[in-house]
Amino acid sequence: MNLPVINHPDYVAKINDDNKFPIKKFGALAKHLLEAKVVKKFHIPKACSIETLKSSHSLEYINHIKNKTLDIKAQKKIGFPINDSVVRRSFVATGGTVLASKLALDAKLACNTAGGSHHATFNFGAGYCVFNDVAVAANYLKDKKLAKKILILDLDVHQGNGNSEIFKDNRSVFTFSMHSKTNYPAKKSNSNLDVELEDNLEDDAYIKTLKHYL
C-alpha cells in the first residue's frame, strides 16, 4: 500500500511579503515529493466543516475566522492577516489532518503536508496557528468512535500548549510535548508529559531522549 499523503494548492496562502512565516515552503515540499517520486499523486482534502471544528474551538471564534471579523489584536497574536486566502487555508489544512487521521486507520500511517498548528486553543489562535488541526482530528476520531484513546506526540521545537489546553480535562487524550526549554511560548502550559530540552542539543542525544520517554 502506498503511503497516503495529503496536500492542497491552497496550503500556500497569500500573506504580506514581509511576513516572517515561510508560507511558500508548503508548495516547495509538494513539488519535491512529486519530483522525488515519494508520491505519485496527493489526496486532496475538503474544507473542515464547522460541525467538526466546534469540538475543539468555540463557535464564536470559528465564525470570526470564517467571516474575517477577528479584531486586529487577535490577528497579530496569530501572526497572519485574516484574509480570504488565509481563511481558506485554515479550513482546508484542518480538513487535511482530519483526512490523514481517517486514512491512517487503514494504512497505519498517513501524512498531511500542512498542519501541526498546536498553539491554537479553544477561543483564539496564536503563533501562526489559526485552528488546532491535531486537536480537531483527535476529537473527530473520538466523536465518531473510531478511537478510544489517543496519544498526541508533539516534537516541534515549540511546546504544544494549544493541545495541552484543549485536552487538559480529557483523560482519553494524552498530550506529550518534547520541546526547547527556552523557545516559544514564553509561558508554557502543562501537557500530560513535557520534556524540556536544553539549547544546542545534538541529534544523537535528541533521539536517545525521545526513545527513553517513548
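Residues numbered from 1 in each chain as written. Predicted model: local features only at pLDDT ≥ 70, side-chain atom pairs only at ≥ 80, totals over all residues. Heavy atoms only, no water.

> Could you give me a rundown of the sheet that holds strand β3 (residues 150-154), with the residues and numbers involved?
Taken in spatial order, the 3 strands of this open sheet run β3-β4-β5, and their pairing is parallel. At either end of the open sheet lies a strand with only one pairing partner, and these are β3 and β5 (193-197). Ignoring which end each strand starts from, the neighbouring axes of this sheet average 5° apart. As defined by bridge partners, β3 adjoins strand β4 (residues 173-180) across 5 bridges and the pair is classed as parallel. If you follow Ile-152 over to β4, its bridge partner there is Thr-175. (Pairing = 2+ DSSP bridges. Helix = DSSP H or I, 4+ residues; strand = E, 2+ residues; numbered from the N terminus. Axes fitted to C-alpha atoms, helices over the stretch in contact; angles between N-to-C directions.)

> Tell me about the packing of aromatic side chains, and please be specific about residues and values.
Applying the stated criterion across every chain yields a total of 6 aromatic pairs. Ring centres 5.1 Å apart and planes at 40° place the aromatic pair Phe-21 and Tyr-128 in the tilted group. Of this pair, Phe-21 sits in the loop between β1 (5-6) and α1 (25-35) while Tyr-128 sits in the loop between β2 (111-112) and α6 (133-143); the two residues are 107 residues apart in sequence, bridging distant segments of the chain. Judged by relative accessible area, which is 28%, Tyr-128 ranks as partly exposed. Between the aromatic rings of Phe-80 and Tyr-128, the centroid separation amounts to 5.4 Å while the plane-to-plane angle is 50°, which identifies the pairing as tilted. Highlighted residues: Phe-80 in the loop between α4 (72-78) and α5 (84-107) and Tyr-128 in the loop between β2 and α6, separated in sequence by 48 residues. Note on Phe-80: relative accessible area 4%, which makes it buried. Here the aromatic residues Phe-21, Phe-26, Phe-80 and Tyr-128 are joined through ring pairs into a cluster of three or more. In this structure, Arg-89 packs its charged tip against the face of Phe-26, placed 4.6 Å from the ring centre. (Phe/Tyr/Trp six-rings, centres within 6.5 Å; stacked < 30°, edge-to-face > 60°. Buried < 20%, exposed > 50% of the residue type's maximum accessible area, 1.4 Å probe, protein only. Lys NZ or Arg CZ within 6 Å of the ring centre and 35° of its normal.)

> Talk me through the nonpolar core; I want residue IDs and the actual numbers.
Counting residues in each nonpolar core, the largest one holds 39 residues, and the members touching the most others are Ile-65, Val-130 and Phe-131. Counting only elements with at least two residues in this core, the list comes to α3 (59-66), α4, α5, α6 and β3. Sorting elements by how many residues they give to this core places α5 first, with 7 residues. Once you skip the residues sitting within four places of it in the chain, Phe-131 turns out to touch Leu-53, His-57, Tyr-61, Ile-62, Ile-65, Ser-90, Phe-91, Thr-94, Ser-117 and Ala-120. (Core = buried A, V, L, I, M, F, W, Y, C linked by side-chain atoms within 4.5 Å. Contact = heavy atoms within 4.5 Å.)

> Summarise the environment of His-43; cite the residues concerned and give the values.
Tracing the backbone shows His-43 in the loop between α1 and α2 (50-53). Distance in space between the C-alpha atoms of His-43 and Val-5 is 6.1 Å, their sequence separation being 38 residues.

> Explain the pattern of salt bridges residue by residue, including any values.
This model, assessed by the stated rule, comprises 5 salt bridges. The partner of Lys-54 in a salt bridge is Glu-51, with the nearest N and O atoms 3.4 Å apart. In this structure, the salt-bridge partner of Lys-181 is Glu-198, at a minimum N-O distance of 3.7 Å. Here Lys-181, found in the loop between β4 and β5, pairs with Glu-198, found in the loop between β5 and α8 (203-213); they are 17 residues apart in sequence, far enough to count as distant. Judged by relative accessible area, which is 42%, Lys-181 ranks as partly exposed. For Glu-198, a relative accessible area of 53% gives the class exposed. (Salt bridge = Lys/Arg side-chain N within 4 Å of Asp/Glu carboxyl O.)

> If you had to explain the environment of Ile-15 to someone new, which residues and values would you point to?
Along the chain, Ile-15 turns up in the loop between β1 and α1. A C-alpha to C-alpha distance of 8.2 Å links Ile-15 and Asn-83, two positions 68 residues apart in sequence. Every residue in contact with Ile-15, bar those within four places of it in the chain, is listed here: Phe-21, Ile-23, Phe-80, Pro-81 and Val-86.

> If you had to explain the side chain of Asp-133 to someone new, which residues and values would you point to?
For Asp-133, the location among the structural elements is in helix α6. Buried charge Asp-133 goes without a salt bridge, the closest partner of opposite sign being Arg-89 at 8.0 Å. A distance of 2.6 Å separates a polar atom in the side chain of Asp-133 from a polar atom in the side chain of Thr-97. Look past the residues within four positions of Asp-133 in its chain and what remains in contact with it is Ala-93, Thr-94, Thr-97, Gly-115, Gly-116 and Ser-117. (Lys, Arg positive; Asp, Glu negative; His and termini not counted. Polar contact = N/O pair within 3.5 Å; in protein donor to acceptor, adjacent residues only side chain to side chain.)

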